[in-house]
Amino acid sequence: MLILTQVAESKGLCNQVYFRGSMLFAQRRMFQNEALTSVVCYEMNSGRWEHLLTVGDLMTCFCPNDDGTKMCIGKLNGEIDIINVGSDRRTKPLKTPGSFAITCVLMCAGEVILAGTKDGLIYKFEKNQTIVSAVLGKHAGDINKLVYDAAREMVYSASEDMTIGVWNARTLEKVATLCGHEGSVKSIALVGSTKLVSGGADRKVVLWDVDKQYKKLRTLGEHDNVVTSVCVTANNNYVLSSSFDYLVRMWSVGNTRVSYLLHEQKFVIRDVAVSRCEKFMAIATWEAIRIVNVTFVPVPCVPAPRISVNPQITVTPGDSKKRSVEVIDFIHAGNNNNASAEIKKPRRGRPPKYPSTGAAVNPPTPALPEVGGYSIAEEDEDDEEDDYKPTANIYL
């Protein structure tokens, strides 16, 4: 069972979150003035939010370096700003040919900058250079995500053209094109050095082999709406995915029968990230940035032939207002690895309206009861009129 405890929250529309050491970086846009986009930082040790800089309405994306001392910011006019965190000192902007909007940026080791644009091109900037040093390749649609594997000098790109590109960063050659999604690929992440996971508009989370064969291994699972983000835990055992269906799900890389489902009840989720220590998870929604402490509690062996697991946790932030998060856990009971589960899925539908319009993002959801733990109840097969309806059924 997973126990989630909310430790921090910051209001505002959020699109991206990154963990770097003990810090969380997030892009935030305030509802009162959407022309002002800012980058904020949360220090996990001190438990304090810090406003780093205000960029304005030109900011489209950002990415900090590995140690969190610098960050690059992509803009609508095709420029990229390099900023020193803490001093707000900016270098001369990097410029891309054609002035197409920057859709994603990546700050690699050695301060090499990779940028994807709206016209489908991938540009490379060497350290201390303000002009493009190389063009890796081109997609037929926008570039949504870039990932760099420093050990193998490979660049992976997710695009609106429903493909994933594999590029050699040294020779600038295209190594392979991964096809298998039935919609645009929204996000990708490396699983170790030989596998890649992706999520797309076709609602699927897919695992790929990128070692030698460059092929689709299997579909880890499926959401009920567009998958907006995927990330991988530090031990490479689990994949987290967020979606427009208000859910964050966690999938096992090695065992497709093991997964967790986390239910966010109010707003769609744009991005999700997990810290390297695997104790904290950051959720970016159209309402706020939430940081959650994740604690794993082993489920005791239950000898009953059929059980229903319905743990419900009440998450209480720092203020007096309570928010409920439903956690459904169906890992194997005891030593039975053949457990399967049927999950009651939310209704399908289009993504909610943009929250700044004032319209309701989704119909009001009844508050979950406050339960300080979880319950395991044996079903009475003789009583068919039982009013109890479990959220998840596990058949052993």
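Residues numbered from 1 in each chain as written. Predicted model: local features only at pLDDT ≥ 70, side-chain atom pairs only at ≥ 80, totals over all residues. Heavy atoms only, no water.

Engineer: Let's hear about the packing of aromatic side chains: which residues, and what values?
Structural biologist: On inspection of all chains with the given rule, the structure shows three aromatic pairs. For the pair Tyr18 and Phe62, a centre-to-centre distance of 5.3 Å together with 85° between the ring planes defines the contact as edge-to-face. With Tyr18 in strand E2 (residues 13-20) and Phe62 in strand E6 (residues 59-64), the pair connects residues that are 44 residues apart, well separated along the chain. Pair check on accessibility: Tyr18 and Phe62 agree, each one buried. Measuring from ring centre to ring centre gives 4.9 Å for Tyr42 and Trp49, while their planes differ by 55°; the resulting arrangement is tilted. (Phe/Tyr/Trp six-rings, centres within 6.5 Å; stacked < 30°, edge-to-face > 60°. Helix = DSSP H or I, 4+ residues; strand = E, 2+ residues; numbered from the N terminus. Buried < 20%, exposed > 50% of the residue type's maximum accessible area, 1.4 Å probe, protein only.)

Engineer: Describe the environment of Glu222, listing the residues and the values that go with them.
Structural biologist: For Glu222, the location among the structural elements is in strand E22 (residues 215-222). Placed 27 residues apart in sequence, Glu222 and Arg249 show a C-alpha to C-alpha distance of 9.4 Å. Only 3.4 Å separates the side chain of Glu222 from the side chain of Arg203, close enough to count as a polar contact. (Polar contact = N/O pair within 3.5 Å; in protein donor to acceptor, adjacent residues only side chain to side chain.)

Engineer: Got a sec to walk through the sheet that holds strand E14 (residues 134-138)? Specific residues and values, please.
Structural biologist: Backbone-to-backbone hydrogen bonds join strands into a sheet, with any given pair of strands oriented parallel or antiparallel. Read across the open sheet, the four strands follow the order E11-E12-E13-E14; overall the sheet is antiparallel. Bordering the open sheet on either side are strand E11 (102-107) and E14, each of which pairs with just one other strand. Direction aside, neighbouring strands of the sheet carry axes that sit 20° apart on average. Here strand E12 (residues 113-117) runs beside strand E13 (residues 121-125); their pairing, made up of four bridges, is antiparallel. Bridge pairing in E13 places Ala115 opposite Tyr123. (Pairing = 2+ DSSP bridges. Axes fitted to C-alpha atoms, helices over the stretch in contact; angles between N-to-C directions.)

Engineer: I'd love a proper account of unusual backbone geometry, names of residues and values included.
Structural biologist: We note that Met162 has phi near 75°; this positive angle belongs to a residue other than glycine. With respect to the helices and strands, the residue Met162 is situated in the loop between strand E16 (154-159) and strand E17 (163-168). On the accessibility criterion, Met162 (38% relative accessible area) is partly exposed.

Engineer: An account of the side chain of Asp149 is needed here, citing residue identities and associated values.
Structural biologist: Within the secondary structure, Asp149 is located in strand E15 (residues 143-149). Setting aside residues no more than four positions away along its own chain, Asp149 makes contact with Met154, Tyr156, Leu190 and Ser193. (Contact = heavy atoms within 4.5 Å.)

Engineer: Describe the sheet that holds E2, naming the residues involved and giving the relevant values.
Structural biologist: Here we have four strands laid out as an open sheet, ordered E2-E3-E4-E5, and antiparallel in their pairing. In this open sheet, the two strands that pair with only one neighbour each are E2 and strand E5 (48-54). For this sheet the average axis-to-axis angle between neighbouring strands, irrespective of direction, equals 25°. Judged from the six bridges that link them, strand E4 (residues 37-43) and E5 form a sheet pairing that is antiparallel. Counterpart to Cys41 in the pairing with E5 is Glu50.

Engineer: Any chance you could break down the pairing of strand E20 (residues 195-200) for me, citing the residues and the numbers?
Structural biologist: Along E20, five of the six residues are buried, which leaves the element largely enclosed by surrounding structure. Summarising the sheet, strand E19 (residues 185-191) and E20 pair through six bridges and their orientation is antiparallel. The residue of E20 that forms the bridge with Ile188 is Ser198. Hairpin remark: E19 followed by E20, antiparallel, with three residues in the connecting loop; positive phi at Gly192, about 70°. Where E20 and strand E21 (residues 204-209) come together, five bridges link them in antiparallel fashion. In the sheet register, Ser198 faces E21, and the bridge partner there is Val206. Turn length for the E20-E21 hairpin, with the two strands adjacent in sequence and antiparallel, is three residues, and the turn residue Arg203 shows positive phi of about 75°.

Engineer: Report on the pattern of salt bridges, specifying residues and quantitative values.
Structural biologist: In the structure shown here, the tally under the stated rule is ten salt bridges. The closest approach of N and O atoms between Lys186 and Glu160, which form a salt bridge, is 2.8 Å. With a gap of 26 residues between them, Lys186 in strand E19 and Glu160 in the loop between E16 and E17 connect regions that are remote in the sequence. Accessibility expressed as a relative area gives 27% for Lys186, which makes it partly exposed. Close ionic contact of Arg290 with Glu287 constitutes a salt bridge, the shortest N to O distance being 2.6 Å. With respect to class, Arg290 is no different from Glu287; both count as buried. (Salt bridge = Lys/Arg side-chain N within 4 Å of Asp/Glu carboxyl O.)

Engineer: I'd like a description of the confidence of the model for the chain, backed by residues and values.
Structural biologist: When pLDDT drops low, the exact placement of atoms in the prediction is not to be read closely. With 71% of its residues at a pLDDT of 70 or more, the chain shows a mean pLDDT of 76. Low pLDDT, under 50, characterises residues 299-347; the stretch is placed with 140 contacts to residues that sit more than four places away or in other chains. pLDDT under 50 marks residues 353-396. Its contacts with residues more than four places away, or in other chains, come to 91 contacts. (pLDDT = per-residue confidence, 0-100.)

Engineer: Outline the environment of Glu160, listing residues and values.
Structural biologist: Under the relative-accessibility criterion, Glu160 is labelled partly exposed at 31%. Distance in space between the C-alpha atoms of Glu160 and Asn144 is 7.0 Å, their sequence separation being 16 residues. In contact with Glu160, other than residues within four places in its own chain, are Gly141, Asp142, Asn144, Ser184 and Lys186.

Engineer: Tell me what's going on with the pairing of strand E23 (residues 227-232), and back it up with residues and numbers.
Structural biologist: Summarising burial for E23: six of the six residues are buried, a large majority. Two strands pair when backbone bridges link them, and E23 and strand E24 (residues 238-243) are joined in this way by five bridges, in the antiparallel orientation. Bridge pairing in E24 places Val227 opposite Ser243. Counting the residues in the hairpin turn of E23 and E24 gives five residues, including Asn236, whose phi is positive at 65°.

Engineer: Let's hear about the side chain of Asp209: which residues, and what values?
Structural biologist: Within the element layout of this structure, Asp209 appears in strand E21. At a separation of 3.0 Å, a polar atom in the side chain of Asp209 contacts the main-chain amide nitrogen of Asp211.

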